[in-house]
Amino acid sequence: MILDEEPLLRSRGLYIDGHWVRAGAGGTREITDPADDTVIAVVDEADHDDVRSAVAAARSAFAAGRWSATPATERADYLVRIADLLEQNRDAIARIETLDTGKTLRESHIDIDDVIAVFRYYATLAEASTERRVDTGNPAVLSRVVAEPIGVCALIAPWNYPLLQMSWKIAPALLAGCTMVAKPSEVTPLSTVALVALIDRAGVPAGVVNLVQGGGEVVGSALTTTPEVDLISFTGGAATGTKIARNAAEHITKVALELGGKNPHIVFADAEFDTAVDAVLTGVFLHSGQVCSAGTRLIVHESVADDFVAELARRAARIRVGPGIDPSSRTGPLVSRQQRAKVEAYVALGISEGATLVAGGKRPADPALAHGSYYLPTIFDNCHRDMRIVQEETFGPILTVERFATEDAAIALGNDTAYGLAAGIRTADPVRGERVARALRHGTVWLNDFGYYTPAAEWGGFGRSGIGRELGPGGLAEYQEHKHIWHNTAPTVEGWFAD
Ligand code: NDP
């Protein structure tokens, strides 16, 4: 197996209470490279009892209070140490991520740099995060709101950005003083195993971070039905998010849900043509479209639409699809054969709904790619809002094109979604750009850019894209309870019931 010698993956078991342990029932799972379907690693797979042990370890570490009582500035030192270790192992982790997910090495390197940035960013919030004074109007009263860790957190991440999404949870949870059980997707667990190995190396106390691996139906479900968890932070699909919200309601467990998106990219007639074509292509086809914020729904002004779509189709046909590990590939395979089958079903649906296929719509012909889960960048023209391919998250390399005549119509189409994660606008008119940005009901709006984010700005969705925010100070607040302490330093008799 290709990752047998990888030092960061020496232990591929579960990490519970500061020790690498084997899954109790001996369950294992083969992890494959979607570029050619070869087995790259075998990892342990937990069962209910393993999850119970991991949650118990997190619970007793939280109850012992050592981590939550550690000053926030010291917890921040651990985050910096983890960031340093990630930096030292940047190339190894990028390779693991590429072999596991199929994304190109260049994308994996960007992911790892973003992961490092998240740990460093949250380290800077240590001093600001703990206490806020409140003026009650009474000088004798010392009133303050203190931020305390929420407790034991279940952290569940998807397969498309395994390490990135997990780091958006682990970094703020650690800074807040929480303890946690992390569950990566069974499809792509390896980079999280590597991260936990580095967290161990950084000396984070036993029981603070625990790792369980295994499928959603067993491990995820066990983690989200126990009353021993205080917060479930989940990133994944809307259907799973709904199940988790239902489970959480049983014990009034707090949930933070980062779900999917069907993200409009609106191109006005005055947008600079080449930059806009380039941004639309990158926005939708990066990581073969397996991106929650992918700009999968092009809404383009009717006066430029024909030329725009023709140029998009021309350039899409030239995108070099190949193994992520090959530096000449511009996009890799889909994560699995199941994911490709889902994409193929959506392409068949688009055709049956009457959309016009102008690019892709099939697997690559190159026999060298026959064993991987590849699919060509695909564009459907002449789409309209009632089509399922326009409304549903296809989570693959599929762009739909709709045309508009007026600004109001563009806004109406941009908001015509049950989701609300992200949107893009291209225009040369900054006043119009700002106006449209304010009118769109999405958690992130890019004006003359697409796909960028910073750890300092909150990320999350309106509508069915989720509940709560990650990143920024808001992303830290998810892991905190806010307690108001009203301290009267000079109490006097009030006499309400003196008689
Ligand atoms: P899923 O919802 O299938 O899975 C997400 C995670 O939940 C995985 O770890 C999965 O485990 C686990 N899971 C599955 N079933 C359950 C369950 N019953 N109880 C608890 N946990 C469960 O999503 P995908 O992995 O397919 O990820 C793609 C989705 O994630 C897309 O909809 C995408 O838009 C969204 N996403 C959102 C982001 C955002 O920031 N808003 C960012 C990235 C992705 P396992 O895989 O092991 O079965």
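- For the protein chain, an unreviewed UniProt entry supplies the name Aldehyde dehydrogenase family protein and the organism Nocardia callitridis.
- Within the UniProt record for the protein chain, the comment given under Sequence similarities (unreviewed entry) is "Belongs to the aldehyde dehydrogenase family."
- The UniProt entry for the protein chain carries the following text under Pathway (unreviewed entry): "Amine and polyamine biosynthesis; betaine biosynthesis via choline pathway; betaine from betaine aldehyde: step 1/1."

## So, the site of the ligand
Here's step 1: Around the ligand lies a shell of 31 residues, among which A157, E186, T240, L259 and E393 are the nearest.
Here's step 2: Within the backbone of G237, one N or O atom sits 2.8 Å away from an oxygen atom of the ligand.
Here's step 3: Within the backbone of L259, a nitrogen or oxygen atom sits 2.6 Å from a nitrogen atom of the ligand.
Here's step 4: When the free accessible area of the ligand is taken as 900 Å², the share hidden by the protein chains comes to 90%.
Here's step 5: Elements with a contribution of two residues or more to the shell around the ligand: α8 (216-225), β10 (231-235) and α9 (238-251).
Here's step 6: The element best represented in the shell around the ligand is α8, accounting for four residues.
Here's step 7: For the shell around the ligand, a count of residues per class yields 12 nonpolar, 13 polar and six charged.

## Description of the pairing of strand β12 (residues 264-267)
Here's step 1: Taking every second residue as pointing to the same face, both faces of β12 are buried, with P264 and I266 on one and H265 and V267 on the other.
Here's step 2: Where β12 lies against strand β13 (residues 297-301), four bridges are found, and the strand directions are parallel. In the sheet register, I266 faces β13, and the bridge partner there is I299.
Here's step 3: On the question of chirality, the crossover connecting β12 to the parallel β13 by way of helix α10 (residues 273-285) is right-handed.
Here's step 4: Here β12 runs beside strand β17 (residues 422-426); their pairing, made up of three bridges, is parallel. Note on β17: the bridge partner recorded for I266 is I425.

## Some details on the sheet that holds strand β6 (residues 141-149)
Here's step 1: Sheet architecture is open: three strands sit in the order β5-β6-β20, paired in antiparallel fashion. Edge positions in the sheet fall to β5 (131-134) and β20 (480-488), since each has one partner strand and no second. For this sheet the average axis-to-axis angle between neighbouring strands, irrespective of direction, equals 20 degrees.

## A word on the sheet that holds strand β14 (residues 356-359)
Here's step 1: Pairing is mixed in the open sheet, where seven strands are placed in the order β14-β15-β16-β13-β12-β17-β18. A strand with exactly one partner marks an edge of an open sheet, and here the two such strands are β14 and β18 (444-447). Averaged over all adjacent pairs, the angle separating strand axes in this sheet is 25 degrees, with direction ignored.
Here's step 2: Relative to strand β16 (residues 398-404), strand β15 (residues 378-381) runs parallel, the two being bridged by three bridges. Bridge pairing in β16 places T378 opposite I398.
Here's step 3: Sitting on the sheet, α10 is in contact with β12, β13, β15, β16 and β17, with an inclination near 135 degrees to β16.

## So, the packing of α10 against helix α11 (residues 302-316)
Here's step 1: α11 packs onto α10 with a crossing angle of 55 degrees between their chain directions and a minimal axis gap of 10 Å. Comparing their axes, α11 and α10 come out oblique. Considering only the axes of α10 and α11, their crossing is right-handed. Every residue of α11 that contacts α10 at F273, D274, A276, V277, D278, V280, L281 and F285 is listed here: D307, F308, E311, L312, R315 and A316.
Here's step 2: Residue composition of the contact of α10 with α11, by class: nine nonpolar, no polar and five charged.

About the criteria used
Residues numbered from 1 in each chain as written. Predicted model: local features only at pLDDT ≥ 70, side-chain atom pairs only at ≥ 80, totals over all residues. Heavy atoms only, no water. UniProt positions renumbered as here; feature names shortened; annotations may be inferred. Near = heavy atom within 4 Å. Polar contact = N/O pair within 3.5 Å; in protein donor to acceptor, adjacent residues only side chain to side chain. Areas by Shrake-Rupley, 256 points an atom, 1.4 Å probe, with all protein chains shown as cover. Helix = DSSP H or I, 4+ residues; strand = E, 2+ residues; numbered from the N terminus. Nonpolar A, V, L, I, M, F, W, Y, C, P; charged D, E, K, R; others polar. Buried < 20%, exposed > 50% of the residue type's maximum accessible area, 1.4 Å probe, protein only. Pairing = 2+ DSSP bridges. Right-handed = clockwise from strand over helix to strand, strands pointing away. Axes fitted to C-alpha atoms, helices over the stretch in contact; angles between N-to-C directions. Contact = heavy atoms within 4.5 Å. Parallel < 35°, antiparallel > 145°, perpendicular 65-115°, else oblique. Left-handed = near helix turned anticlockwise from the far one by under 90°.

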